[in-house]
Amino acid sequence: MNTRNLEFKVNEQVWPLDKPFRIARGTRTEARVIVVTVNDGQHTGRAEAVPSKRYGETVASVVAQLEQIFSNEQKIDRQRVQHLMPAGAARNALDCALWDLEAKCSGKRVWELAKIHVTDAVQTALTISLDTPEKMAAAAKGNAPVLKLKLGGDDLDLPRVEAVGKEAPAARLLVDANESWSASHYREVVSALHRLGVELIEQPFPADADGVLETLEHPVPVCADESCHINADLPRLVNRYEAINVKLDKTGGLPEVLLPTKRARESRFRILIGCMVCTSLGIAPARLLAGVADYIDLDGPLLLAGDRYHGLIYQDGRIGLPSRELWG
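Within each chain, residues carry numbers counting from 1 in the order of the written sequence. Since the coordinates come from a predicted model, pLDDT governs what is reported: local features require at least 70, and pairs of side-chain atoms require 80 or more to be given and counted, while whole-chain, interface and lining totals use all residues. As a rule here, side-chain values come from all non-hydrogen atoms in the structure, and water together with hydrogens is ignored.

Draft legend 1. Fine view of the nonpolar core. Only buried residues count toward a nonpolar core. Its members are Ala, Val, Leu, Ile, Met, Phe, Trp, Tyr and Cys residues joined through side-chain atoms within 4.5 Å. Burial classes follow relative accessibility: with a 1.4 Å probe on protein chains only, a residue under 20% of its type's maximum area counts as buried, one over 50% as exposed, and anything between as partly exposed. Ranked by internal contacts, the top residues of the largest apolar core, which has 104 residues, are I34, V36, L66, L94, L147, I244 and W327. Helix and strand definitions follow DSSP, with helices as H or I runs of at least four residues and strands as E runs of at least two, each counted in order from the N terminus. A total of 10 residues in this core trace back to one element, the largest contributor, which is helix α3 (residues 89-106). Counting eight residues, the second-largest nonpolar core is a separate cluster that includes V146, L200, L272 and Y295.

Draft legend 2. The arrangement of the environment of G320 in detail. Position of G320 relative to the elements: it lies in the segment after β14 (318-319). According to the relative accessible area criterion, G320 is buried, its value standing at 17%. Spatially, the C-alpha atom of G320 lies 18 Å from that of G306, the residues being 14 residues apart in sequence.

Draft legend 3. Focus on empty space enclosed by the protein. The distinction between a cavity and a pocket rests on a 1 Å grid over the protein atoms alone: a 1.4 Å probe fits inside a cavity but cannot get out, while a pocket stays open yet meets protein on both sides within 12 Å along at least five of seven lines, and a residue with an atom within 4 Å of a point counts as lining. Grid points are joined across faces, edges and corners, and a volume is the space filled by probe spheres set on the points. Scanning the entire structure with this criterion turns up two cavities of 30 Å³ or more. Reported here for the largest cavity is a volume of approximately 90 Å³. Those elements that provide at least two residues to the lining of the largest cavity are β3 (44-49), α9 (248-251) and α11 (280-287). Considering only residue class, the lining of the largest cavity consists of seven nonpolar, three polar and three charged. Any residue outside Ala, Val, Leu, Ile, Met, Phe, Trp, Tyr, Cys, Pro, Asp, Glu, Lys and Arg is labelled polar, Gly included; the first ten of those are nonpolar and the last four are charged.

Draft legend 4. Quick peek at the packing of helix α1 (residues 59-72) against α3. Axis definition: a line fitted to C-alpha atoms, limited for helices to the stretch in contact. Angles are taken between N-to-C directions and run from 0 to 180 degrees. Viewed as axis vectors pointing N to C, α1 and α3 meet at an angle of 50°, and their least axial separation amounts to 9 Å. Relative to α3, α1 is oriented oblique. Between α1 and α3 lies a crossing of right-handed hand. Contact with α1, carried on its side by V62, Q65, L66, I69 and F70, involves A89, A90 and L94 of α3 and no other residues of that element. Residue classes in the contact of α1 with α3 are distributed as seven nonpolar, one polar and no charged. These descriptions rest on fixed angle ranges, namely under 35 degrees for roughly parallel, over 145 for roughly antiparallel, 65 to 115 for roughly perpendicular, and the rest for oblique. By convention, the crossing between two helices is left-handed when the near helix turns anticlockwise from the far helix through less than a right angle, and right-handed when the turn is clockwise. Here, two residues are considered to be in contact whenever any of their heavy atoms come within 4.5 Å of each other.

Draft legend 5. Quick peek at the layout of surface pockets. Taken as a whole, the largest pocket encloses approximately 860 Å³ of empty space. Taken together, 34 residues make up the lining of the largest pocket; nearest its centre are I23, R25, R28, S52 and K53. If you list the elements that add at least two residues to the lining of the largest pocket, you get β1 (7-23), β2 (26-39) and β6 (146-150). For the lining of the largest pocket, the element with the most residues is β2, which contributes six residues. Taken as a whole, the second largest pocket spans an internal volume of roughly 390 Å³. In terms of lining residues, the second largest pocket is bounded by 19 residues, among which K19, T127, S129, A139 and L303 are the most central. For the lining of the second largest pocket, the elements supplying multiple residues, two or more each, are β1, β5 (126-128) and α5 (133-140). Here the lining of the second largest pocket gets six residues from one element, more than from any other, and that element is β1.

Draft legend 6. Fine view of the sheet that holds strand β4 (residues 122-123). What makes two strands pair is DSSP finding at least two bridges between them. Taken in spatial order, the three strands of this open sheet run β4-β14-β13, and their pairing is antiparallel. The outermost strands of the open sheet, each flanked by one partner alone, are β4 and β13 (314-315).

Draft legend 7. Summary view of the packing of α5 against helix α6 (residues 157-167). At a minimum axis distance of 8 Å, the contact between α5 and α6 shows a crossing angle of 30°. Along this stretch, α5 crosses α6, giving a crossing that reads as right-handed. Where α5 abuts α6, its residues P133, M136, A137 and A140 lie against P159, R160, A163, V164 and E167. Considering only residue class, the contact of α5 with α6 consists of seven nonpolar, no polar and two charged.

Draft legend 8. A look at the sheet that holds β6. Taken in spatial order, the eight strands of this open sheet run β5-β6-β7-β8-β9-β10-β11-β12, and their pairing is parallel. With one partner strand each, in any of the chains shown, β5 and β12 (295-296) form the two edges of the open sheet. As paired elements, strand β9 (residues 222-224) and strand β10 (residues 243-246) share two bridges and run parallel to each other. Within the sheet, the bridge partner assigned to C223 lies in β10 and is A243.

Printed below as a string of structure tokens:
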């Protein structure tokens, strides 16, 4: 593959959601993604990423970051991208597009090139949007064996979990507070969440105030999301969290994921592979990492009104491997 003759393009796409999706920070009705395509004259690789306002990104800033790289760099390859760009959505999209192109050129799948062991179908959590207890229970009815409930740091958090538990008694439950809790709220609800069978509490406190976790009891394991971006974050999380949420849009592509998952295991963290709200093209690279995870939260396309052609197959909460036509 001649990296000097590659043609790069980036564009924004908007994908409407099936219904409004609410978390503690707000509500959205669409997924705004950027798609990078890389062409060598014969083969085309592509990938998707989701800029996050929470991490100081916008579609415009990510597009500008990529266009600057495309204009100023004569040689762009996977190894060089990791040094040219900081972790984030822009690097993720470019890195994964280059992986896809390499797979198309070689006739191999990305997991073969990266030496990742994959399985045919893995179980994902289904995310239940923040709402009233009654509406969240209705959304959980008859759904996946693993449910992730968005919570809001108010007096309805426990009723929400109780209502879902009654409607879906066999489901495994995870909860995600998206930085909305106070220490007093945590103390009030954590024992009850444990009794209700909740297996994981994701990011209860703001990332800049999570030191309080070192002073609190953890009857339910606590998972870092907004507090954990890259490999360098792991040491300060050791006495605060039992798990980390790994997302490609935070780490900036596959290489920065594979290293921290290995080091996270060495530090005895559990691993949740997560995602933004996106299409199957954004999920496909993360799907390859399921074998290193304790929990999988890759249901982004299920929140959309429609997905891409050749999208991932979801059946009974299980995700198949991506087709060659989709990615990798």
